[in-house]
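What follows is the residue order along each chain.
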Amino acid sequence: MTSQGSRRDGPTKPTRRTFLSAATVTAAAATVAAPLATTSAASATTTGGGPSGPGRPIRPQSPDRELRKLLREIDQRRIEAIVRRLAEFGTRHTLSSQDDPARGIGAARDWIYEQLRGYAARSDGRMTVELQSYIQEPASRIPVPTRITNVVATLRGETSPERIYVVTGHYDSRCTDVMDATSDAPGADDDASGVAVAMELARIMATRRSEATIVFVAVAGEEQGLYGSGYLARQYKAANADVQGMFSDDIVGSSTADDGTRDRRTLRLFAEGVPTAETPGEANTRRSVGGENDSPSRQLARYVSDVADNDSTGMRVRVVYRRDRYLRGSDHISFLEQGYPAGRFTEPNEDFAHQHQDVRVVDGKQYGDLPEFCDFEYISRVARVNAAALWSLAQAPGTPKGVTIVTSNLTNDTELRWTRGTEPDLAGYEVVWRETTAPEWTHVIPVGDVTTTTIDLSKDNVFFGVRAVDTAGHRSPVAFPRPGS
Ligand SMILES: [Zn+2]
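- Looking at an unreviewed UniProt entry, one finds the chain named Aminopeptidase and attributed to Plantactinospora mayteni.
- Per UniProt, the comment on the chain under Subcellular location (unreviewed entry) is "Secreted".

Written out as structure tokens, the structure reads:
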């Protein structure tokens, strides 16, 4: 285990998270060379601009060779072809024809299904594709019983198949009137772009072996009220499935705002604070000791920044501390409602002339969600961010479970406990911490392959978390502890 410190030690170039001086980093790196057992006990104290305490400054995880290779396979031309093909179905409104071979949501559903089946054919049986259907009885924005169908491609994990990560785009579309099922609704940005991201990821991951399961879904019924994703999330919950992360890619097609401003290197990630599915007991704990900024979804968002905001994606991940934009929602909410960590990716600035609009020209200005307003190079980078996040999650150990901050006695140090994971390549654990006012984890303390540790730092003054590490140095998302004994 002692060699692990040096293996974990990545490049020492400064990052946006490194706030300590270079001299301090060097000192901290020297500490890492010490055996893990003594690292936690020795209280290597940092100095300089940040808070002092045990451990070393945390650094982003850099992509390994396999991930870099995977990211290079994302094909902008294929993404463009998918968006244009989906727009050609005229409308993909949830209430549009389900049996017209050329126009309507049924034709789009069948085309997506055939594409995904083609990708799965190259997977040696690891990827399966299904049409997941149910009949939605009349409800808000659904006037008559309507078949809602998700197209689901599942890449089964090799060593932790029960652990699941999900990415979705919604293939239904709309025009100005949300009940208009016949007018043209090309839905290029909203949300052929997100479907293209999920499909392109399915294509490049189908030929690979993943440790955990990754699911790529084109969901329906989003514009009518998140019906398809609601069904998908409820099916997982009913099966007691261990979904540890979900991303909705919705409106990821353009980098241009309505005033013409372009921002081609930023992707927003909306992540809730107080969990949608928080129980009264959890709310009481949060009111007592904090944690508004430490929901599982926030940890997931921090993880995405950690692995995907770098030169391999060419993107900055702008995490927004909200569940979604004002007046808007997306399919991640269906997963949040079932208690699963989830977030929504969306473009940096929107142009509302090209969302939810009839295709028309007014005073010389073109309205409508047409492919000509998409930036396919931008969508390719969005796909890279998603790929980096999903692939890293699925190759790392799962988020630690049962993480408890021991509160049976009043003490000025911190005792943490957790349950050991079952991954065959699990190497051990790291404790992370930060000032309660800091938005991101700042310090990391390797503690080795143990399930309990005591840190010489008061739990009253900082926030702690625990993450798992595998033999290749992949880290899991952080688990935020609950008080207990
Ligand atoms: Zn949408």
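There's more to say after this.
Some points on the side chain of Q224
Reasoning step 1: Structurally, Q224 is set in helix α8 (residues 222-225).
Reasoning step 2: A distance of 3.5 Å separates a polar side-chain atom of Q224 from the backbone oxygen of V178.
Reasoning step 3: For Q224, the contacting residues outside a window of four places in its chain are H93, T94, L95, S140, R141, I142, D172, V178 and M179.

Side note on the coordination of the zinc ion
Reasoning step 1: Every protein donor of the zinc ion is accounted for by H170 (NE2), D190 (OD), D250 (OD) and D250 (OD), and the metal-donor separations fall at 1.9 to 2.7 Å.
Reasoning step 2: Coordination at the zinc ion is irregular: its four donor atoms span angles of 51 to 146 degrees at the metal.
Reasoning step 3: Read in sequence order, the donor residues coordinating the zinc ion give the pattern H-x19-D-x59-D. Within this pair, whereas H170 is found in strand β4 (residues 160-170), its partner D250 is found in the loop between β6 (242-249) and β7 (266-270), the two being separated by 80 residues in sequence.

Some details on helix α9 (residues 227-238)
Reasoning step 1: An ideal rise of 1.5 Å per residue puts 16 Å on twelve residues; α9 measures up with 16 Å between its terminal C-alpha atoms.
Reasoning step 2: Within α9, the full set of buried residues consists of Y227, G228, S229, G230, Y231, L232, A233 and Y236.

Re the pattern of salt bridges
Reasoning step 1: Considering all chains together, one arrives at 31 salt bridges under this definition.
Reasoning step 2: Taking the shortest distance from any N to any O, the salt bridge between D184 and R103 comes out at 2.8 Å. Linking D184 in the loop between β4 and α7 (188-205) with R103 in the loop between α5 (76-87) and α6 (105-120), this pair joins segments that are 81 residues apart in sequence.
Reasoning step 3: You can call D184 partly exposed: its relative accessible area is 39%.
Reasoning step 4: The class for R103 is partly exposed, based on a relative accessible area of 31%.
Reasoning step 5: For D375, the salt bridge identified is with R264, shortest N-O distance 3.3 Å. With D375 in the loop between β11 (365-367) and α13 (376-395) and R264 in the loop between β6 and β7, this residue pair connects regions lying 111 residues apart in the sequence.
Reasoning step 6: What emerges from the salt-bridge pattern is a single network uniting D250, R268, D324, R325, R344 and E350.

Notes on the packing of α5 against α13
Reasoning step 1: Two numbers describe how α5 lies on α13: the axes approach to 9 Å, and their chain directions differ by 110 degrees. Here α5 lies roughly perpendicular to α13, going by the angle between them. In this structure, α5 contributes Q76, I79, E80, V83 and R84 to the contact, and α13 contributes F376, E377, I379, S380 and A383.

Description of helix α11 (residues 296-308)
Reasoning step 1: For α11, built from 13 residues, the straight-helix expectation of 18 Å at 1.5 Å per residue is met to within 8% by its first-to-last C-alpha distance of 18 Å.
Reasoning step 2: Judged by how many residues are buried, α11 sits mostly within the fold: twelve of 13 residues are covered.
Reasoning step 3: Of the residues making up α11, those classed as buried are S297, R298, Q299, L300, A301, R302, Y303, V304, S305, D306, V307 and A308.

So, the environment of R84
Reasoning step 1: Tracing the sequence through the fold places R84 in helix α5.
Reasoning step 2: Residues R84 and P186 lie 102 residues apart in sequence; the distance between their C-alpha atoms is 8.9 Å.
Reasoning step 3: Setting aside its immediate chain neighbours within four residues, R84 contacts P371 and F376.

Observations regarding the sheet that holds strand β14 (residues 426-435)
Reasoning step 1: Strand order in the open sheet made by the four strands is β1-β15-β14-β17, with antiparallel pairing throughout. Strand pairing shows two members of the sheet lacking a second neighbour, β1 (56-57) and β17 (462-470), which therefore form its edges.
Reasoning step 2: In this structure, β14 lies alongside strand β15 (residues 443-448), joined through five bridges in antiparallel fashion. Counterpart to E430 in the pairing with β15 is P446.

Observations regarding the packing of aromatic side chains
Reasoning step 1: On inspection of all chains with the given rule, the structure shows seven aromatic pairs.
Reasoning step 2: For the pair F247 and F345, a centre-to-centre distance of 5.3 Å together with 35 degrees between the ring planes defines the contact as tilted. Of this pair, F247 sits in strand β6 while F345 sits in strand β9 (residues 342-346), placing them 98 residues apart in sequence.
Reasoning step 3: According to the relative accessible area criterion, F345 is buried, its value standing at 0%.
Reasoning step 4: Taken together, Y236, F335 and Y340 form an aromatic cluster joined through their ring pairs.
Reasoning step 5: Over the ring of Y340 we find K237; its NZ or CZ atom is 5.6 Å from the centre of that ring.
Reasoning step 6: A cation sits over an aromatic face here: K365 above Y367, 5.6 Å from the ring centre.

Here is what the cut-offs are and how they apply
Each chain has its residues counted from 1, following the order in which its sequence is written. With pLDDT at 70 or above as the cut-off, local features in this predicted model cover only qualifying residues; side-chain atom pairs require 80 or more to be listed or tallied, and sums for whole chains, interfaces and linings still use all residues. Hydrogens are left out, water is left out, and the side-chain values use all remaining heavy atoms of the structure. UniProt positions are given in the numbering used here, feature names are shortened, and annotations may be inferred rather than shown by experiment. Secondary structure elements follow DSSP: runs of H or I no shorter than four residues count as helices, runs of E no shorter than two count as strands, and numbering proceeds from the N terminus. Under this definition, polar contacts are N or O atom pairs within 3.5 Å; protein pairs additionally need one hydrogen-donor-capable and one acceptor-capable atom, and for neighbouring residues in sequence, both atoms have to be side-chain atoms. Every residue pair with non-hydrogen atoms within 4.5 Å of one another is taken to be in contact. Counted as donors are the N, O and S atoms within 2.8 Å of the metal, or 3.2 Å for Na, K and Ca, while water is not among the atoms, so some sites may look incomplete. Only two sets of limits are used to name each site, 85 to 135 degrees for every angle of a tetrahedral four-donor site, and over 155 degrees for opposite donors with all other angles from 65 to 115 for a square planar four-donor or octahedral six-donor site, with any other site named irregular. To estimate how far a helix should reach, multiply one less than its number of residues by 1.5 Å. Summary of the burial criterion: residues with accessible area below 20% of their type's maximum are buried, those above 50% are exposed, and those between are partly exposed, where the area comes from a 1.4 Å probe applied to protein chains only. The salt bridge criterion pairs a side-chain nitrogen of Lys or Arg with a carboxyl oxygen of Asp or Glu, the two atoms within 4 Å. Helix axes use the C-alpha atoms of the stretch in contact, all axes being lines fitted to C-alpha atoms, and the angles between their N-to-C directions lie in the range 0 to 180 degrees. With respect to orientation, any angle under 35 degrees is reported as roughly parallel, any angle over 145 as roughly antiparallel, any angle of 65 to 115 as roughly perpendicular, and every other angle as oblique. Two strands pair under a simple rule: DSSP has to find at least two bridges between them. Only Phe, Tyr and Trp rings take part, Trp by its six-membered ring, and two of them pair if their centres are within 6.5 Å. Stacked means planes under 30 degrees apart, edge-to-face means over 60, and tilted covers everything else. Cation placement over rings: the criterion is NZ of Lys or CZ of Arg within 6 Å of the ring centroid and within 35° of the ring normal.

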